[in-house]
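Residue-level listing of the chains:
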Amino acid sequence: MMVMMLVIGLFIVFGIFLINGKGSFLIAGYNTMPPEEKENYDTVALCKFMGKMMFALSFCMLLWALSDAYEVNWLFYIGIALFIVIVVFMLIYINTGNRFEK
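Residues numbered from 1 in each chain as written. Predicted model: local features only at pLDDT ≥ 70, side-chain atom pairs only at ≥ 80, totals over all residues. Heavy atoms only, no water.

1. Considerations on the side chain of Ser 67
One can find Ser 67 in helix α3 (residues 43-70). A polar contact is formed between the side chain of Ser 67 and the backbone oxygen of Val 72, at a distance of 2.8 Å. When residues no more than four places from it in sequence are discounted, the contact partners of Ser 67 are Val 72, Asn 73, Leu 75 and Phe 76. (Helix = DSSP H or I, 4+ residues; strand = E, 2+ residues; numbered from the N terminus. Polar contact = N/O pair within 3.5 Å; in protein donor to acceptor, adjacent residues only side chain to side chain. Contact = heavy atoms within 4.5 Å.)

2. Section: the packing of α3 against helix α4 (residues 73-95)
The contact between α3 and α4 brings their axes to 7 Å, and the two run at 165°. In terms of axis orientation, α3 runs roughly antiparallel to α4. In this structure, α3 crosses over α4, and the sense of that crossing is left-handed. Classifying every residue of the contact of α3 with α4 by side-chain character gives 22 nonpolar, 3 polar and no charged. (Axes fitted to C-alpha atoms, helices over the stretch in contact; angles between N-to-C directions. Parallel < 35°, antiparallel > 145°, perpendicular 65-115°, else oblique. Left-handed = near helix turned anticlockwise from the far one by under 90°. Nonpolar A, V, L, I, M, F, W, Y, C, P; charged D, E, K, R; others polar.)

3. Side note on the packing of aromatic side chains
Counting across every chain of the model gives 9 aromatic pairs. Taking the centre distance of 6.5 Å and the plane angle of 90° together, the rings of Tyr 30 and Tyr 41 count as edge-to-face. With Tyr 30 in the loop between α1 (2-19) and α2 (35-38) and Tyr 41 in the loop between α2 and α3, this residue pair connects regions lying 11 residues apart in the sequence. Of the residues examined, Tyr 41 reaches a relative accessible area of 22% and is grouped as partly exposed. Their ring planes at 70° and their centres at 6.0 Å tell us that Phe 76 and Tyr 77 sit as a pair that is edge-to-face. What links up through ring pairs into an aromatic cluster is the set Phe 49, Phe 89, Tyr 93 and Phe 100. Against the face of Tyr 30 rests Lys 38, its NZ or CZ located 5.4 Å from the ring centre. (Phe/Tyr/Trp six-rings, centres within 6.5 Å; stacked < 30°, edge-to-face > 60°. Buried < 20%, exposed > 50% of the residue type's maximum accessible area, 1.4 Å probe, protein only. Lys NZ or Arg CZ within 6 Å of the ring centre and 35° of its normal.)

4. Describing the environment of Tyr 93
Positionally, Tyr 93 belongs in helix α4. With a relative accessible area of 29%, Tyr 93 lands in the partly exposed category. If we ignore the near neighbours within four places in the chain, the residues touching Tyr 93 are Phe 49, Arg 99 and Phe 100.

Remember that the coordinates give geometry; whether it matters functionally is a separate question.
Next comes the structure, spelled out in structure tokens:
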């Protein structure tokens, strides 16, 4: 339970960095791009989107922790389903439509 709360806290802290437009080094794939390629992306918009997703994922993990604390299994299943839906949405949203390109 304590480890889960630590992970939720880390996700929230990373979300705060990202939602402020900072912390692009936390985004896998973006941080390994050459500088010439990074210039083609709107870094602030990408960071803000990822920050919102970090908050959403931390909410899902909070449901897992509440499920464990109150021994309510359906909260865990809802948290897992939301987590999967958010990750799939995030992958599709980022990789389609060139939303974050300048």
